[in-house]
Amino acid sequence: MLYDHSGNRKYLTSKERKAFLNASRNQEDPSVRSFCETLAYTGARISEVLALPRARIDCAAEGVVIESLKKRRRGIFRVVPVPIELLNLLDEVHDLSSADIDPQAPLWPWCRTTAWRHVKRVMAQAGIPAAFAKPKALRHAFGVQGTQIGVSLNLLKRWLGHSRLET
């Protein structure tokens, strides 16, 4: 459902998404930028990105392996292709190949509330109206943009971690 019960859209337009990505590039803390861009380019839920360990960044396959956390059981993964620029950013900021860092440790040590605040701040800096300035709007924008560029619904369903095509 891309509109709420009052008829307001629940996603960012392409222009708003681009403004969000540009605003993320202006962050003083590079980990805020890497988090925001990972949210935008994967369509993952905020909790799924927070749980992402460096071991699940697959540079060779140019994708991010996300555990679906909204399922009734653990251990259900999906691979989402991402731009090489995001993979390079993640490597630069989080030193993905370091042998000194636990490969299962999450990339971002934040709680959900802190992550949510970072995203909201970047959205405000991007000039996104408050009604649309929600992290979930990035997830919806990912799906909408996918359909606009011709990605099959079955593939989008898999990338978003949905069980049913209707969702």
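What counts, and at which threshold
Just so you know, the residues in each chain are numbered from 1, in the order the chain's sequence is written. Where local features are concerned, this predicted model is filtered to residues with pLDDT of at least 70; where side-chain atom pairs are given and counted, the filter is 80 or more; whole-chain, interface and lining totals use all residues. Where side-chain values are given, they derive from all heavy atoms of the structure, hydrogens and water being excluded. Secondary structure elements are defined from DSSP: runs of H or I of at least 4 residues count as helices, runs of E of at least 2 residues count as strands, and each element is numbered from the N terminus. Under this definition, polar contacts are N or O atom pairs within 3.5 Å; protein pairs additionally need one hydrogen-donor-capable and one acceptor-capable atom, and for neighbouring residues in sequence, both atoms have to be side-chain atoms. Two residues form a contact once any of their heavy atoms are found within 4.5 Å. The definition used for a disulfide is geometric: two cysteine sulfur atoms within 2.5 Å. Throughout, exposure labels follow a simple rule: accessible area from a 1.4 Å probe, protein chains only, divided by the maximum for the residue type, with under 20% read as buried, over 50% as exposed, and the rest as partly exposed. Each residue after the first adds 1.5 Å to the expected span of a helix. Throughout, the arc means the angular range of directions from the helix axis out to the C-beta atoms. Any two strands between which DSSP finds at least two bridges are classified as paired. Think of a nonpolar core as a cluster: buried Ala, Val, Leu, Ile, Met, Phe, Trp, Tyr and Cys residues, connected wherever their side-chain atoms sit within 4.5 Å. Salt-bridge detection follows one rule: a side-chain nitrogen of Lys or Arg within 4 Å of a carboxyl oxygen of Asp or Glu.

Looking at the secondary structure, you find Thr-42 in helix H2 (residues 30–42). A polar contact of 2.6 Å, which involves the side chain of Thr-42, links it to the backbone oxygen of Thr-38. Polar contacts involving the side chain of Thr-42 include one to the main-chain amide nitrogen of Ala-44, which spans 3.2 Å. Not counting chain neighbours up to four residues away, the residues in contact with Thr-42 comprise Val-49, Val-64, Ile-66, Val-80, Val-82, Phe-142 and Trp-159.

Now for the state of the cysteines. This structure, assessed with the given rule, holds zero disulfides. With no disulfide of its own, Cys-59 lies 20 Å from the sulfur of Cys-36, the closest cysteine sulfur. Lacking any disulfide linkage, Cys-111 is separated from the closest cysteine sulfur, that of Cys-36, by 15 Å. Residue Cys-111 is classed as partly exposed on the basis of its relative accessible area of 43%.

Glancing now at helix H5 (residues 112–125). With 14 residues, H5 should reach 20 Å at 1.5 Å per residue; the first-to-last C-alpha distance of 20 Å fits that figure. Along H5, the residues that are buried comprise Ala-115, His-118, Val-119, Val-122 and Met-123. Within H5, the buried residues cover an arc of 135° as seen down the axis, which keeps them to one side. Residues of H5 that are exposed and angled more than 90 degrees away from the buried face: Arg-117 and Ala-124. Phi turns positive one or two residues past the end of H5, at Gly-127, with a value near 75°.

This paragraph deals with the sheet that holds strand S2 (residues 63–67). Remark on secondary structure: sheet strands pair via backbone hydrogen bonds, oriented parallel or antiparallel. Pairing is antiparallel in the open sheet, where three strands are placed in the order S1-S2-S3. Each edge of the open sheet is held by one strand with a lone partner, namely strand S1 (57–58) and strand S3 (77–81). The pairing of S1 with S2 spans two bridges and is antiparallel. Bridge pairing in S2 places Ile-57 opposite Val-64.

Before going further, it helps to examine the nonpolar core. Formed by 44 residues in total, the largest nonpolar core has its most connected members in Phe-20, Phe-35 and Trp-108. Secondary structure elements with two or more residues in this core: helix H1 (14–24), H2, helix H3 (46–50), S2, helix H4 (84–94), H5, helix H6 (135–148) and helix H7 (153–160). Those residues in contact with Trp-108, other than ones at most four positions away along the chain, are Ser-31, Ser-34, Phe-35, Thr-38, Val-49, Leu-50, Leu-52, Leu-90 and His-94.

Let us now look at the pattern of salt bridges. Applying the stated criterion to the full structure yields five salt bridges. Glu-37 is the salt-bridge partner of Arg-25, the closest N and O atoms lying 3.7 Å from each other. On the criterion of sequence distance, the pair formed by Arg-25 in the loop between H1 and H2 and Glu-37 in helix H2 is long-range, its members being twelve residues apart. For Arg-25, a relative accessible area of 36% gives the class partly exposed. For Arg-33, the salt bridge is made with Glu-37, and the minimal N-O distance between the two is 2.7 Å. With a gap of four residues between them, Arg-33 and Glu-37 both fall in helix H2, about one helical turn apart. Taking the relative accessible area as the measure of exposure, Arg-33 reaches 25% and is therefore partly exposed. In this structure Glu-37 comes out as buried when scored by relative accessible area, which is 3%. Each of the salt bridges in this network shares a partner with another, and the network as a whole consists of Arg-25, Arg-33 and Glu-37.

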